[in-house]
Amino acid sequence: MINRKNVARVAGVGAAATLALGLFSTGAANADTFVPLPGGSITKTLSDGTVVTISLTGESANINPSMGSTPLHRNAWVSGSAQVSVSGDGGGSIFPGYTVGCQVNISGGGAEGGVEGTADWSGDTVTGGAGATSGANLTLGPGQAQSFYVLDLEQADDFGNEAHKKRNKFKNGSGSVTWADETIGLSGCGGYAQARAFISVEVETDNVVTWTTLWGQPFSLG
């Protein structure tokens, strides 16, 4: 004989399990999203004939759409590697970083009308390398953008005091920088948000000192 109480009890357990699975499925929608990025490469010939090649490889982003559990928060962990070659024995400094924008178009060489600082982000070069701050915890409103460098190299200055540099110097024609799981923390942005990598390089030869910048592909922060 079938015990109807036991059937009801089993049915209740099944319903509870189904409800639990439904909750887990909802949570999966908020999981981190890994985004492989194409990187890129540019080659430029300077006024004195020096050939400079900048490459961005192994680029990726791991996106968490709401680290602060609200639509105003974004969090991402970014990785990549920059390589620079200069014909002859030229040297210089590599400044890797990211531009982050809130409801602003940062494609086509930078953000328009919203980047803090004095640098010109309208093209693919950053005059003087200015305009990028240190640190990746940003607060941006609609129509705003800001840039930051990923490096924070501690070293002694000329007087033996602690100094922090945002670049990696190189000589003898080549240099590289690699970073892994650098954090981009964005708050205050109620609309869509984007970020993109840049590699700014100050090249020094016997005849010229100039800046060249490679831009990565923009990617969504959610």
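Residues numbered from 1 in each chain as written. Predicted model: local features only at pLDDT ≥ 70, side-chain atom pairs only at ≥ 80, totals over all residues. Heavy atoms only, no water.

Quick notes on the overall build of the chain
Looking only at helices and strands, the chain features one helix and 15 strands. Across the 222 residues that make up the chain, the buried fraction comes to 41%. Within the chain, residue pairs in contact and separated by at least 24 positions form 68% of the contacts whose partners lie at least 6 positions apart. Of the roughly 11,400 Å² that the chain leaves accessible, carbon and sulfur atoms contribute 52%. (Helix = DSSP H or I, 4+ residues; strand = E, 2+ residues; numbered from the N terminus. Buried < 20%, exposed > 50% of the residue type's maximum accessible area, 1.4 Å probe, protein only. Contact = heavy atoms within 4.5 Å. Areas by Shrake-Rupley, 256 points an atom, 1.4 Å probe, with all protein chains shown as cover.)

Things to note about the pairing of strand β8 (residues 144–149)
Burial analysis of β8 places five of its six residues in the buried class, the great majority of the element. Sheet analysis places strand β5 (residues 91–102) next to β8, joined by six bridges and oriented antiparallel. Note on β8: the bridge partner recorded for Y98 is F148. (Pairing = 2+ DSSP bridges.)

A short note on the environment of T43
Mapped onto the fold, T43 is located in strand β2 (residues 40–45). Considering only alpha carbons, one finds T43 and V86, 43 residues apart in sequence, at a separation of 9.8 Å. Once you skip the residues sitting within four places of it in the chain, T43 turns out to touch V51, V52 and T53. A polar contact of 3.1 Å, which involves the side chain of T43, links it to the side chain of T53. (Polar contact = N/O pair within 3.5 Å; in protein donor to acceptor, adjacent residues only side chain to side chain.)

What about the packing of aromatic side chains?
Here the structure, examined in full by the defined rule, presents six aromatic pairs. Ring centres of F95 and Y149 lie 5.5 Å apart, and the angle between their planes is 50°; on these two criteria the pair is classed as tilted. Taken together, the positions of F95 in strand β5 and Y149 in strand β8 put the pair 54 residues apart, joining distant regions of the chain. Residue F95 is classed as buried on the basis of its relative accessible area, which comes to 12%. Between Y98 and W179, the aromatic rings sit 6.5 Å apart at their centres with planes inclined by 85°, giving edge-to-face as the arrangement. Pair noted here: Y98 is in strand β5 and W179 is in strand β12 (residues 174–187), with a separation of 81 residues, a long-range link. This pair shows no difference in class: Y98 is buried, exactly as W179 is. Taken together through their ring pairs, the aromatic side chains of F95, Y149, F198, W211 and W215 make up a single cluster. (Phe/Tyr/Trp six-rings, centres within 6.5 Å; stacked < 30°, edge-to-face > 60°.)

Quick notes on the pairing of strand β13 (residues 193–204)
Of all 12 residues making up β13, 10 are buried, and the element is well covered by its neighbours. Inspection of the sheet shows β5 paired to β13 by 12 bridges, in the antiparallel sense. In the strand pairing of β13, G91 is matched with E204. Two strands pair when backbone bridges link them, and β13 and strand β15 (residues 219–220) are joined in this way by two bridges, in the antiparallel orientation. Paired with Q194 across the two strands is S220, which belongs to β15. Pairing geometry for β13 and strand β14 (residues 209–215), over seven bridges, is antiparallel. If you follow E202 over to β14, its bridge partner there is W211. The hairpin turn running from β13 into β14, its antiparallel successor, is four residues long.

Considerations on the nonpolar core
Soluble globular proteins tend to pack their nonpolar side chains together in the buried interior. By size, the foremost hydrophobic cluster in this structure holds 38 residues, and its most contacted members are Y98, V100, I184, I199, F219 and L221. Of all elements in the fold, only β3 (51–64), β4 (73–86), β5, β12 and β13 reach the threshold of two or more residues within this core. Broken down by element, the residue count for this core peaks at six residues, all from β13. When neighbours within four sequence positions are excluded, F219 is seen to be in contact with L37, A61, I63, V78, Y98, A193, Q194, A195 and R196. Core analysis: the second largest hydrophobic core is formed by five residues, F95, Y149, F198 and W211 among them. (Core = buried A, V, L, I, M, F, W, Y, C linked by side-chain atoms within 4.5 Å.)

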